[in-house]
Amino acid sequence: MSEILAHLEHGVLSLTFNRVEKKNALTSAMYAALADHLEQAAGDAQTRVLVIQGQESLFTAGNDVSEFLQRPPASMEAPVFRFLRAIADFPKPALAAVCGPAVGIGTTLLLHCDLVYAGDNALFSLPFVNLGLCPEAASSLLLPLRIGHAAANEKLLFGEPFTADEAQELGLVNRVLPPSEVNAFALQQARKLAAKPLASLMVTKTLLRQPQRAAVHAMITEEAGHFERLLKGPAAKEAFGAFLAKRKPDFSGL
Ligand code: COA
């Protein structure tokens, strides 16, 4: 079965991460599928609203660590960057339903969504520094804009997980719900939006996003350069090696 499930009904395109045995870790094939769906949906009159979701206990564990080590993204045409450009530029309302872990890009992609609904079991994390990496998905620009510099510094420098309630207080999440209700609630909200005039929704979204648009694209590219270099560095090797070997990383001297 596909690792990205797509379902279009009543104008709502639901994209579901479906690699539960690996905690929905995202591979380049999954990023390519996501990018294909988003690029197609952007111009498809049948799609009026997008929902991105996982399961009741799981959003995504972020980038697939093994693949990242073996085949790091080679250029800005790599599927991960195609996906980031497609979600950053997605012209119609994009909603996310988040339960359980939302690691790395699982949290940063939410900055590109217009509405985020979370289960009270959601756990957000931006562990880039702890992995010897740096922020991605323009989060170094969008996170401080969204939650303020003090909170963004804390989240990005310490990389410690934070709860749905804290995410809501910070303004990352619109509403916290019991996990069993999150996907259904997001779908209900998406359907409400899908019944509204699409041109007005699209212009409203454009007006809200336009002031940052060029800067978002520039930051995705700038972060990618640092990320690529750091990914080949000793700290990332130690962090990922430790994760795969199920041990604690040792950054002494790095
Ligand atoms: N990449 C590849 N595989 C991953 C993964 C990832 N990001 N996250 C989890 N997996 C795999 C594990 O290796 C394990 O595989 P195995 O059963 O073959 O050993 C399986 O998924 C289950 O993961 P596990 O860690 O045992 O689940 P958990 O419920 O204890 O913890 C997480 C869930 C998400 C908290 C934890 O898996 C985690 O921290 N993942 C790494 C996240 C990460 O660093 N992502 C950022 C990459 S930039």
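Placed above this text is the structure.
Just so you know, these numbers come straight off a predicted model, no measurement behind them.

Undergrad: Quick one: what's the story with the nonpolar core, residue by residue and with numbers?
TA: In terms of nonpolar packing, the biggest core is built from 63 residues, with L50, F83, V98 and F124 touching the most fellow members. Beyond its immediate stretch of four places on either side in the chain, F124 contacts V98, A102, T107, L110, A118, E160, P161, F162, T163, A164, A167 and V173.

Undergrad: Account for the site of the ligand, with residues named and values stated.
TA: All residues in the neighbourhood of the ligand are listed as E21, K22, K23, A25, A61, N63, D64, V65, V103, L131, F243 and K246. Here an oxygen atom of the ligand sits 2.6 Å away from a polar atom, N or O, in the side chain of K22. The backbone of N63 places a nitrogen or oxygen atom 2.9 Å from a nitrogen atom of the ligand. Summarising the interface, the protein chains cover 66% of the accessible area of the ligand, which totals 870 Å² for the free molecule.

Undergrad: An account of the sheet that holds strand β7 (residues 123-125) is needed here, citing residue identities and associated values.
TA: One key point about sheets: their strands pair by backbone hydrogen bonds, in either a parallel or an antiparallel sense. One open sheet holds the 3 strands; their spatial order is β5-β7-β8, and the pairing between them is mixed. With partners counted over all chains shown, the strands left at the sheet margins are β5 (101-103) and β8 (162-163), one partner each. Sheet topology places β7 next to β8; 2 bridges connect them, and they run antiparallel. Residue pairing in the sheet places F124 in a bridge with F162 of β8.

Undergrad: Report on the packing of aromatic side chains, specifying residues and quantitative values.
TA: Overall, the coordinates contain 5 aromatic pairs when judged by the stated rule. Here the aromatic rings of F68 and F227 are separated by 5.8 Å at their centres, their planes lie at 85 degrees, and the arrangement is edge-to-face. Of this pair, F68 sits in helix α2 (residues 65-70) while F227 is found in helix α9 (residues 198-231), placing the two residues 159 residues apart along the sequence. Taking relative accessible area as the criterion, F227 reaches 7% and is therefore assigned buried.

Undergrad: Any chance you could break down the sheet that holds strand β2 (residues 12-17) for me, citing the residues and the numbers?
TA: With respect to topology, 6 strands assemble into an open sheet ordered β1-β2-β3-β4-β6-β9, the strand pairing being mixed. Only two strands of the sheet have a single partner each, and these edge strands are β1 (4-9) and β9 (175-177). Averaged over all neighbouring strand pairs, the angle between strand axes comes to 20 degrees, with direction disregarded. Relative to strand β6 (residues 115-119), strand β4 (residues 94-98) is paired through 4 bridges, and the arrangement is parallel.

Undergrad: Quick rundown of the packing of helix α1 (residues 28-43) against helix α3 (residues 79-88)? Include the residues and the values.
TA: Between α1 and α3, the least distance of the axes is 8 Å, while the angle of their chain directions is 30 degrees. The orientation of α1 relative to α3 falls into the category roughly parallel. Viewed along their axes, α1 and α3 form a crossing whose handedness is left-handed. Contacts between α1 and α3 pair S28, Y31, A32, L34, A35, D36, L38 and E39 from the former with P79, V80, R82, F83, A86 and I87 from the latter. Taken together, the residues that form the contact of α1 with α3 break down as 10 nonpolar, 1 polar and 3 charged.

Undergrad: Before we move on, could you go through a nonpolar patch on the surface and cite the residues and values that matter?
TA: On the surface, L69, F243 and L244 cluster together into a nonpolar patch covering about 280 Å² of accessible area. Its place among the elements puts F243 in helix α10 (residues 234-244).

Undergrad: Tell me what's going on with α3, and back it up with residues and numbers.
TA: With 7 of 10 residues buried, α3 is to be regarded as a mostly interior element. Listed in full, the buried residues belonging to α3 are V80, F81, F83, L84, A86, I87 and A88. On its buried face, α3 is in contact with α1, β3 (49-53), α4 (105-108) and α9.

Undergrad: Can you lay out the pattern of salt bridges for me, pointing to particular residues and giving the numbers?
TA: Tallying each qualifying case throughout the model produces 14 salt bridges. Through salt bridges with shared partners, one network takes in E3, R19 and D64.

Undergrad: Quick one: what's the story with the state of the cysteines, residue by residue and with numbers?
TA: In this structure the tally under the stated criterion is 0 disulfides. No disulfide involves C99; its nearest neighbouring cysteine sulfur is the one of C113, lying 14 Å away. Look at C99 and you get buried, because its relative accessible area is 1%.

Undergrad: Go over unusual backbone geometry, please, and point to the residues and values.
TA: The backbone of H10 shows a phi angle near 50 degrees, a positive value even though the residue is not glycine. Along the chain, the position of H10 falls in the loop between β1 and β2. Take H10: its relative accessible area is 56%, and that puts it in the exposed class. Backbone geometry places A138, a non-glycine residue, at a positive phi of 65 degrees. Mapped onto the elements, A138 comes out in the loop between β7 and α5 (139-147).

Scoring rules and cut-offs
- Residues numbered from 1 in each chain as written.
- Predicted model: local features only at pLDDT ≥ 70, side-chain atom pairs only at ≥ 80, totals over all residues.
- Heavy atoms only, no water.
- Core = buried A, V, L, I, M, F, W, Y, C linked by side-chain atoms within 4.5 Å.
- Buried < 20%, exposed > 50% of the residue type's maximum accessible area, 1.4 Å probe, protein only.
- Contact = heavy atoms within 4.5 Å.
- Near = heavy atom within 4 Å.
- Polar contact = N/O pair within 3.5 Å; in protein donor to acceptor, adjacent residues only side chain to side chain.
- Areas by Shrake-Rupley, 256 points an atom, 1.4 Å probe, with all protein chains shown as cover.
- Pairing = 2+ DSSP bridges.
- Helix = DSSP H or I, 4+ residues; strand = E, 2+ residues; numbered from the N terminus.
- Phe/Tyr/Trp six-rings, centres within 6.5 Å; stacked < 30°, edge-to-face > 60°.
- Axes fitted to C-alpha atoms, helices over the stretch in contact; angles between N-to-C directions.
- Parallel < 35°, antiparallel > 145°, perpendicular 65-115°, else oblique.
- Left-handed = near helix turned anticlockwise from the far one by under 90°.
- Nonpolar A, V, L, I, M, F, W, Y, C, P; charged D, E, K, R; others polar.
- Patch = residues over 30% accessible without salt bridge, like charges linked within 9 Å, V, L, I, M, F, W, Y side chains within 5 Å.
- Salt bridge = Lys/Arg side-chain N within 4 Å of Asp/Glu carboxyl O.
- Disulfide = S-S within 2.5 Å.

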